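# Report on the structure
In case you want the letters, here they are:
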Amino acid sequence: MLAALILNERVRIYRWSAVIIGFVGVLVVLSPHLSGDELKAAIGGAASLMGVSYAICGSLTNAGTAIQTRRLAQSESTSSIVFYFSLSCTLAGLATLPFGWVTPSGSELIVLISIGVLGGTGHIFLTESYRYASASLVAPFDYTSMIWALVLGYAMFGETPTSEIVLGSAIIAAAGLFVIWRERQLATMRRRDELATTLAGAATTLRTP
């Protein structure tokens, strides 16, 4: 939505459909947690309600980051965007220092450094994706992060995915494949139109005495 409102991107029904389908897949994955005691606790508990509110705010600000990255990618290099983003996050993190610093152990420090390296590498790839594709096109593929989390969870922690997780992941993957298929169709149509225009121009030139 922000891509259409702020960047004035033309978001067609196919991309809207892919985003909605991917979100449905996320809901399917979360369906075991959207009923019974957990749902009642989330609705009735102040702490749970605050957690949901923070998650929504985080989703909105994350979307804002994607929009600004897309805009900056048109004029700035990937290295400068990633550098200043990382610098801003570092300064913001240091601002929380007085509120409770806990010295990490050796293993915790390694994990924290790994998170930083993976996060920085991911931001580089994400910035490059916005350089070559519109924000509304990239959006459905963001859902695939849940699939990778499930794969890594199984590989590293032995977490066995449930039937809801498998079905939801399949829906999310289908949304991404749908976008790829549609964009390939559009690219083929554009090449066909360009070829027809070129041939028409050549024919006109040949008929000119």
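Look above for the structure.
Below you will find a few notes about this structure. (Residues numbered from 1 in each chain as written. Predicted model: local features only at pLDDT ≥ 70, side-chain atom pairs only at ≥ 80, totals over all residues. Heavy atoms only, no water.)

## Concerning helix α5 (residues 78-94)
- Between the first and last C-alpha of α5 there are 24 Å, a value that for 17 residues agrees with the 24 Å anticipated at 1.5 Å per step.
- Within α5, the full set of buried residues consists of Thr78, Ser80, Ile81 and Val82. (Helix = DSSP H or I, 4+ residues; strand = E, 2+ residues; numbered from the N terminus. Expected span 1.5 Å × (residues − 1). Buried < 20%, exposed > 50% of the residue type's maximum accessible area, 1.4 Å probe, protein only.)

## Observations concerning empty space enclosed by the protein
- Scanning all chains against the criterion turns up one cavity of 30 Å³ or more.
- Of the pockets and cavities examined, the largest cavity occupies roughly 70 Å³.
- Taken together, Arg12, Tyr14, Arg15, Phe178, Val179, Arg182, Glu183 and Leu186 form the lining of the largest cavity.
- Within the residue set of the lining of the largest cavity, elements represented by two or more residues are α2 (13-30) and α9 (163-207).
- The element best represented in the lining of the largest cavity is α9, accounting for five residues.
- The residue makeup of the lining of the largest cavity, split by class, is four nonpolar, no polar and four charged. (1 Å grid on protein atoms, 1.4 Å probe; cavity = no way out; pocket = protein on both sides within 12 Å on 5 of 7 lines; lining within 4 Å. Points joined across faces, edges and corners; volume = space filled by probe spheres on them. Nonpolar A, V, L, I, M, F, W, Y, C, P; charged D, E, K, R; others polar.)

## Details of the packing of aromatic side chains
- One pass over the structure, following the stated rule, counts one aromatic pair.
- Relative to Tyr84, the ring of Phe83 lies with its centre 5.1 Å away and its plane at 80°, an arrangement referred to as edge-to-face.
- Judged by its relative accessible area of 53%, Tyr84 falls in the exposed class. (Phe/Tyr/Trp six-rings, centres within 6.5 Å; stacked < 30°, edge-to-face > 60°.)

## A closer look at the packing of α5 against helix α6 (residues 106-132)
- At a minimum axis distance of 10 Å, the contact between α5 and α6 shows a crossing angle of 135°. One way to sum up the angle between α5 and α6 is to call them oblique. Taken as a pair, α5 and α6 cross one another with a handedness that is right-handed. Counting all contacts with α5, which are made through Thr78, Ile81, Val82 and Phe85, the residues of α6 involved are Gly120, His123, Ile124, Thr127, Glu128 and Arg131.
- By residue class, the composition of the contact of α5 with α6 is four nonpolar, four polar and two charged. (Axes fitted to C-alpha atoms, helices over the stretch in contact; angles between N-to-C directions. Parallel < 35°, antiparallel > 145°, perpendicular 65-115°, else oblique. Left-handed = near helix turned anticlockwise from the far one by under 90°. Contact = heavy atoms within 4.5 Å.)

Any link to function would need more than the numbers given here.
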